Amino acid sequence: QVQLVESGGGLVQPGGSLRLSCAASGDISSFNAMRWYRQAPGKERELVATITSTGTTNYADSVKGRFTISRDTVKNTLYLQMNSLKTEDTAVYYCNTLSGRWGLMGPWGQGTQVTVSS
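Here is a short report on the structure shown in this document. (Residues numbered from 1 in each chain as written. Predicted model: local features only at pLDDT ≥ 70, side-chain atom pairs only at ≥ 80, totals over all residues. Heavy atoms only, no water.)

**A short note on the nonpolar core**
Most often, soluble globular proteins have nonpolar side chains that are buried together. With 28 residues, the main nonpolar core has Trp 36, Val 48, Phe 67, Leu 78, Leu 80, Met 82 and Tyr 93 as its most contacted residues. Looking at this core, the elements with two or more residues in it are strand S3 (18–24), strand S4 (33–39), strand S5 (46–52), strand S7 (67–72), strand S8 (77–82), strand S9 (91–99) and strand S11 (112–116). Element by element, the count of residues in this core is highest for S3, at 4 residues. For Leu 78, the contacting residues outside a window of four places in its chain are Leu 20, Ser 21, Cys 22, Met 34, Arg 35, Trp 36, Ile 51, Ile 69, Ser 70, Arg 71 and Cys 95. (Core = buried A, V, L, I, M, F, W, Y, C linked by side-chain atoms within 4.5 Å. Buried < 20%, exposed > 50% of the residue type's maximum accessible area, 1.4 Å probe, protein only. Helix = DSSP H or I, 4+ residues; strand = E, 2+ residues; numbered from the N terminus. Contact = heavy atoms within 4.5 Å.)

Structure below.
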């Protein structure tokens, strides 16, 4: 099965930017879609952004206009560009995949910590 490794997190001030990466062990073109999730302490994991195999993107209302999801099929890497960061964006960020007719999820990676604080 595919292995996913998230990276790029860190500490940033409100209004700052970060770019997260998700390196996949396989061909990401084989997936129907790829997604970014996040989980803050004490909260359930939530869907942040989706990109389909055709390039269609969708975002949670809370990040729309600030975050951009993209992919590089040559590098087999998913990205999340995060601008105008808010303290509410503080969370562990995870990527995942959707494949097959039923849109089955792949395994979770270790995630990468994003902390927005002044």
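Okay, back to it.
**Observations concerning the sheet that holds S8**
Read across the open sheet, the 4 strands follow the order S1-S3-S8-S7; overall the sheet is antiparallel. Looking at strand neighbours, the two that pair on one side only are strand S1 (4–7) and S7, the edges of this open sheet. Here the strands of the sheet are splayed against their neighbours by 15° on average, with no regard to which way each runs. The pairing of S3 with S8 spans 6 bridges and is classified as antiparallel. The residue bridging Ala 23 from the neighbouring strand is Thr 77, located in S8. (Pairing = 2+ DSSP bridges. Axes fitted to C-alpha atoms, helices over the stretch in contact; angles between N-to-C directions.)

**A short note on the pattern of salt bridges**
Enumeration according to the criterion identifies 4 salt bridges in this entry. For the salt bridge of Asp 89 with Arg 38, the shortest nitrogen-to-oxygen distance reads 2.9 Å. Separated by 51 residues along the polypeptide, Asp 89 in the loop between S8 and S9 and Arg 38 in strand S4 bring together distant segments of the chain. There is no split in this pair, since Asp 89 and Arg 38 are both buried. The partner of Arg 66 in a salt bridge is Asp 89, with the nearest N and O atoms 2.8 Å apart. A residue pair is termed long-range when its members are at least 10 positions apart, and Arg 66 in the loop between strand S6 (57–59) and S7 and Asp 89 in the loop between S8 and S9 qualify at 23 residues. (Salt bridge = Lys/Arg side-chain N within 4 Å of Asp/Glu carboxyl O.)

**As for the packing of aromatic side chains**
Ring pairs (aromatic) are described by centroid distance and by the angle formed between their planes. All chains considered together, the criterion is met by 2 aromatic pairs. Clustering of aromatic rings is evident, with ring pairs tying together Tyr 37, Tyr 94 and Trp 108. The ring of Tyr 94 has Arg 45 sitting right over it, with the charged end atom 3.7 Å from the ring centre. A cation over a ring is seen here: Arg 45 above Trp 108, with NZ or CZ 4.3 Å from the ring centre. (Phe/Tyr/Trp six-rings, centres within 6.5 Å; stacked < 30°, edge-to-face > 60°. Lys NZ or Arg CZ within 6 Å of the ring centre and 35° of its normal.)

**Quick word on the pairing of S8**
With 5 of 6 residues buried, S8 is to be regarded as a mostly interior element. Where S7 lies against S8, 6 bridges are found, and the strand directions are antiparallel. By the bridge assignment, Ser 70 is partnered in S8 with Tyr 79.

**Some details on unusual backbone geometry**
In this structure, Asn 76 takes a positive phi of about 55° despite not being glycine. Looking at the element boundaries, Asn 76 is found in the loop between S7 and S8.

**Some thoughts on the state of the cysteines**
The final tally for this structure, using the stated rule, is 1 disulfide. In this model Cys 22 forms its disulfide with Cys 95; the gap between the sulfur atoms is 1.9 Å. Of note, the bridge from Cys 22 to Cys 95 carries an S-S torsion of about 60° and is right-handed in sense. On the criterion of sequence distance, the pair formed by Cys 22 in strand S3 and Cys 95 in strand S9 is long-range, its members being 73 residues apart. (Disulfide = S-S within 2.5 Å.)

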